[in-house]
Amino acid sequence: MTALTRSFRVVEAELVVYRRTWRGTVISSFVNPLLFLSAMGLSLGTLIDSSGADLGVPYLTFVASGLMAATAMQAGAGEGSFPVMAGIKWRKEFYATIATPLAPADIVYGRFLWTIIRLTFILVVFAIISVLFGALELGPALLAVAPAVLTGVAFTTTVTAFTVTQENDTSLSTLFRFGITPLFLFSGTFFPISQLPAFLQKVAYVTPLFHGVELVRKVALPEADQSVVTAMPMWIHVVYLTAMTVIGLVLSARLLDKRLRP
Amino acid sequence: MPESIVQARGLTKKFGDFVAVDSIDFDIVKGEAFGFLGPNGAGKTSTMKMITTVSPITDGKLTVLGLDPTTQGRSIRQRIGVVPQEDNLDLELTVAENLYVYGRYHDMNRADIRRRTEELLEFAQLTDRAKSQVEPLSGGMKRRLTIARALINDPELVILDEPTTGLDPQARHVLWDRLYRLKQQGATLIITTHYMDEAEQLCDRLVVMDKGVIAAEGSPRELISKYAPREVVELRFLDGEQDQAVLKLDGLAHSSEVLADRVLLYTDDAEATQHEMGERGVHPEQVLVRRASLEDVFLKLTGRRLID
């Protein structure tokens, strides 16, 4: 078996599970954007737009594009944390996998491919609902799925590398509370980071979700000017997120091998 | 010369300063059931993990099916079956799906997996549970499914790490029966256990491990006759009387072991020993005469019981 075949076998195992559980995940994939877009986009948006604030686009459009990246981050970090801890410590099914011709690295690459599939599905649903809400145009919204998936997997691989070195889920809760949630709130998803104090803006520039949000917005809102997005060229975002994904992937494979085959 | 399936020379495993396996030698030949008997922490599982190529060897030489675990791990794992100490079935999958996924991991095609699944569910007496979730199965059923899963690729060598630990007696006997059948079909088995009855039932040959080294090697019968006389007289005394009695038992038997709750006398003639005991004025609360077992061998070799 080639390395790619082995990774696909891990994807196949996930699909066997998914064949039974997809209904539940479809519902949550629909409900999540529905709730966020009606609460933040429509309700809060009406208030903001009528207050005379100038975002260049309606608030609903602004927040929908930001939320695509933020949703990808949350789902991506989710795939890299609890299921990985379960495989190592709770259900220990990773140990069963490595007793076959598959190795720890195959698990990492396979789960990476699987996460791309999962995220693509979640984000296509998100894009379509955004279009139905009148927040985004269909073409750019679907194009923006790709940068959003990139944002998500950048978190999956790095969070996986972190999870693999941890002993229990306390550290995972800490990661979400002090890492993912602040990023969710302060990376430009809900308001432009130009609203932040100057020094926090500089901090925001180096955080991954900022690059994800910017990239998704630049693709989803091709005509947006600098009241909506920064002047930073797109390639910087792409390089940042790609580097993060690759480093996370290489580290995860190495660390999981150490963890499972001491 | 029978074909050697696993060969170890000076095999060593260290975790930092801790030596889990300390330069052991052994040969496992085709078609036999080979046991590793020892208490928890003896180094059995570390040895199994090196054989199954999921733990790199620290030192020494190991070949499995003629291959090198360090560089040819994948090819080795393709041809062996592993039953781990702790069940690690995929609880999100059904019984049959667990076998399917494992078959795919072994690069089998769907038709072969389907055929093999039917056979194995029959073998594991789980045919009517094929579509059940794994979670609600009993401990014995989960164990049998784990064994069936390990057999999906028709392995030449099956490694079972404490296959019956934690099972009730009835489930253990069902499992022993399955393993016995497996052996009759020609598979080579490696079994670790800390139950001497299990080793006596299943193993053609075994090594006794303690603190990372091999303390003895042979068939169960050989080990018993070599390290323990034929019969064992077990004496239990009323509270506080044991210490007094032990003094009077000196020289009565080949050898003796004084445990917290009883005294064991090793002898070739239990009747004569009991008679002599009466002469000396020793009157235990309870006397039990039995044949020597592997547990006695272990006690003899290490001065400790297998399960504390």
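Cut-off values and rules
Residues numbered from 1 in each chain as written. Chains lettered and ligands numbered in written order. Predicted model: local features only at pLDDT ≥ 70, side-chain atom pairs only at ≥ 80, totals over all residues. Helix = DSSP H or I, 4+ residues; strand = E, 2+ residues; numbered from the N terminus. Contact = placed C-beta atoms within 7 Å. Rg over C-alpha atoms; globule rule 2.2 N^0.38 Å. Buried ≥ 20, exposed ≤ 12 C-beta atoms within 10 Å, placed from the backbone. Nonpolar A, V, L, I, M, F, W, Y, C, P; charged D, E, K, R; others polar. Pairing = 2+ DSSP bridges. Axes fitted to C-alpha atoms, helices over the stretch in contact; angles between N-to-C directions. Core = buried A, V, L, I, M, F, W, Y, C linked by C-beta atoms within 7 Å. Right-handed = clockwise from strand over helix to strand, strands pointing away. Parallel < 35°, antiparallel > 145°, perpendicular 65-115°, else oblique. Left-handed = near helix turned anticlockwise from the far one by under 90°. pLDDT = per-residue confidence, 0-100.

## Structural notes on the overall build of chain B
Here is step 1 of the chain: For chain B, the helix and strand inventory stands at 11 helices and 13 strands.
Here is step 2 of the chain: Oriented by its inertia axes, the alpha-carbon framework of chain B measures out at about 75 × 45 × 40 Å.
Here is step 3 of the chain: A separation of at least 24 residues holds for 69% of the contacts in chain B among residues at least 6 apart in sequence.

## Remarks on the overall build of chain A
Here is step 1 of the chain: When helices and strands are counted, chain A shows 10 helices and 0 strands.
Here is step 2 of the chain: Relative to the compact-globule value of 18 Å for 262 residues, chain A shows a C-alpha radius of gyration of 19 Å, a close match.
Here is step 3 of the chain: Each of the three principal axes of chain A carries a C-alpha extent, and together these read 65 × 40 × 35 Å.
Here is step 4 of the chain: Scored against the burial criterion, the 262 residues of chain A give a buried share of 48%.

## Some thoughts on the interface of chain B and chain A
Here is step 1 of the chain: The interface of chain B with chain A comprises 24 residues on the first partner and 19 residues on the second.
Here is step 2 of the chain: The set of elements that each furnish at least two residues to the side of chain B that touches chain A consists of helix 2 (73–79) and helix 3 (95–105) of chain B.
Here is step 3 of the chain: At 6 residues, helix 3 of chain B tops the list of elements feeding residues into the side of chain B that touches chain A.
Here is step 4 of the chain: Partitioning the side of chain B that touches chain A into residue classes produces 11 nonpolar, 5 polar and 8 charged.

## Describing the sheet that holds strand 11 (residues 255–258) of chain B
Residues and elements named next belong to chain B.
Here is step 1 of the chain: Pairing is antiparallel in the open sheet, where 4 strands are placed in the order 11-12-10-13. Both edges of this open sheet fall to strand 11 and strand 13 (286–291), since each of them pairs with a single strand only. In this sheet, adjacent strand axes meet at a mean angle of 20° when their direction is disregarded.
Here is step 2 of the chain: The pairing of strand 11 with strand 12 (residues 263–267) spans 4 bridges and is classified as antiparallel. Counted as the bridge partner of Glu-257 is Leu-264 from strand 12.
Here is step 3 of the chain: Across the sheet, helix 10 (residues 270–279) lies against strand 10 (231–236), strand 12 and strand 13, angled at about 35° from strand 10, the strand it touches most.

## What to know about the nonpolar core
Here is step 1 of the chain: Counting residues in each nonpolar core, the largest one holds 158 residues, and the members touching the most others are Met68(A), Leu123(A) and Ile159(B).
Here is step 2 of the chain: Looking at this core, the element that brings in the most residues is helix 2 (residues 59–90) of chain A, giving 15 residues.
Here is step 3 of the chain: Contacts of Ile159(B), omitting those with residues within four sequence positions, involve Met48(B), Ile51(B), Thr52(B), Ile80(B), Val82(B), Val83(B) and Ile190(B).

## Looking at the sheet that holds strand 3 (residues 33–37) of chain B
All names here are of chain B.
Here is step 1 of the chain: If you trace the 6 strands from one edge of the open sheet to the other, you get 5-6-7-3-8-9, paired in mixed fashion. The outermost strands of the open sheet, each flanked by one partner alone, are strand 5 (80–83) and strand 9 (213–218). Ignoring strand direction, the axes of neighbouring strands in this sheet form an average angle of 15°.
Here is step 2 of the chain: Two strands pair when backbone bridges link them, and strand 8 (residues 205–210) and strand 9 are joined in this way by 5 bridges, in the antiparallel orientation. Following the sheet pairing, Leu-206 is matched in strand 9 by Gly-218.

## Quick word on unusual backbone geometry
Residues and elements named next belong to chain B.
Here is step 1 of the chain: Although it is not a glycine, Thr-53 adopts a positive phi angle of roughly 65°.
Here is step 2 of the chain: On the secondary structure map, Thr-53 appears in the loop between helix 1 (44–51) and strand 4 (59–64).
Here is step 3 of the chain: Here the phi dihedral of Lys-211 falls at roughly 50°; this positive angle occurs in a residue that is not glycine.
Here is step 4 of the chain: Under the C-beta neighbour-count criterion, Lys-211 is labelled partly exposed, with 15 such atoms within 10 Å.

## Considerations on the pairing of strand 7 (residues 188–193) of chain B
Residues and elements named next belong to chain B.
Here is step 1 of the chain: The element strand 7 is extensively covered by neighbouring structure, given that 6 of its 6 residues are classed as buried.
Here is step 2 of the chain: Where burial is concerned, the two faces of strand 7 agree: the one with Thr-188, Ile-190 and Thr-192 and the one with Leu-189, Ile-191 and Thr-193 are both buried.
Here is step 3 of the chain: Where strand 3 and strand 7 come together, 5 bridges link them in parallel fashion. Counted as the bridge partner of Leu-37 is Thr-193 from strand 7.
Here is step 4 of the chain: Pairing geometry for strand 6 (residues 157–161) and strand 7, over 5 bridges, is parallel. Bridging across to strand 7, Ile-159 finds its partner in Ile-190.
Here is step 5 of the chain: For the segment spanning strand 6, helix 6 (residues 169–184) and strand 7, crossover handedness is right-handed.

## Focus: the environment of Ala224(A)
Residues and elements named next belong to chain A.
Here is step 1 of the chain: Among the structural elements, Ala-224 can be located in the loop between helix 9 (208–220) and helix 10 (234–260).
Here is step 2 of the chain: Residues Ala-224 and Val-131 lie 93 residues apart in sequence; the distance between their C-alpha atoms is 17 Å.
Here is step 3 of the chain: For Ala-224, the contacting residues outside a window of four places in its chain are Gly-56, Val-57, Arg-217 and Val-229.

## What to know about the packing of helix 2 of chain A against helix 7 (residues 170–186) of chain A
The packing of two helices is summarised by the inter-axis angle and the distance between the axes.
All names here are of chain A.
Here is step 1 of the chain: Running from N to C, helix 2 and helix 7 cross one another at 170°; their axes reach a closest spacing of 11 Å. For the element pair helix 2 / helix 7, the angle class is roughly antiparallel. On the side of helix 2, the interface is formed by Ala-70, Met-73, Gln-74, Ala-77, Ser-81, Phe-82 and Met-85, while helix 7 contributes Leu-172, Ile-180, Leu-183 and Phe-184.
Here is step 2 of the chain: Within the contact of helix 2 with helix 7, the residues separate by chemical class into 9 nonpolar, 2 polar and no charged.

## A look at the packing of helix 3 of chain B against helix 5 (residues 139–150) of chain B
Residues and elements named next belong to chain B.
Here is step 1 of the chain: Where helix 3 meets helix 5, the closest approach of the two axes is 9 Å, and the angle between their N-to-C directions is 25°. With respect to their mutual orientation, helix 3 and helix 5 come out roughly parallel. The handedness of the crossing between helix 3 and helix 5 comes out as right-handed. Contacts between helix 3 and helix 5 pair Val-95, Asn-98, Leu-99 and Tyr-102 from the former with Leu-145, Ala-148 and Arg-149 from the latter.

## Quick look at the pairing of strand 3 of chain B
For a regular strand, side chains alternate in direction, first toward one face of the sheet and then toward the other.
All names here are of chain B.
Here is step 1 of the chain: Within strand 3, 5 of the 5 residues are buried, which leaves it mostly tucked inside the rest of the structure.
Here is step 2 of the chain: Residues Ala-33, Gly-35 and Leu-37 point to one face of strand 3 and Phe-34 and Phe-36 to the other, with burial holding for every one of them.
Here is step 3 of the chain: As paired strands, strand 3 and strand 8 are joined by 4 bridges and run parallel to one another. Residue pairing across strands places Phe-36 opposite Val-207, the latter belonging to strand 8.

## Some thoughts on the confidence of the model for chain A
The predicted coordinates should not be examined in detail at positions where pLDDT is low.
Here is step 1 of the chain: Mean pLDDT over chain A: 93, with 100% of residues reaching 70 or higher.
Here is step 2 of the chain: When the elements of chain A are averaged for pLDDT, helix 1 (residues 3–50) of chain A gives the smallest value, 88, and helix 6 (residues 145–164) of chain A the largest, 98.

## Details of helix 11 (residues 294–302) of chain B
Residue and element names in this part refer to chain B.
Here is step 1 of the chain: Of all 9 residues in helix 11, 7 are buried; the element is thus mostly enclosed.
Here is step 2 of the chain: Three or more residues of helix 11 are buried, namely Leu-294, Glu-295, Asp-296, Val-297, Phe-298, Leu-299 and Lys-300.
Here is step 3 of the chain: Gly-303 sits one or two residues past helix 11 and shows a positive phi near 75°.

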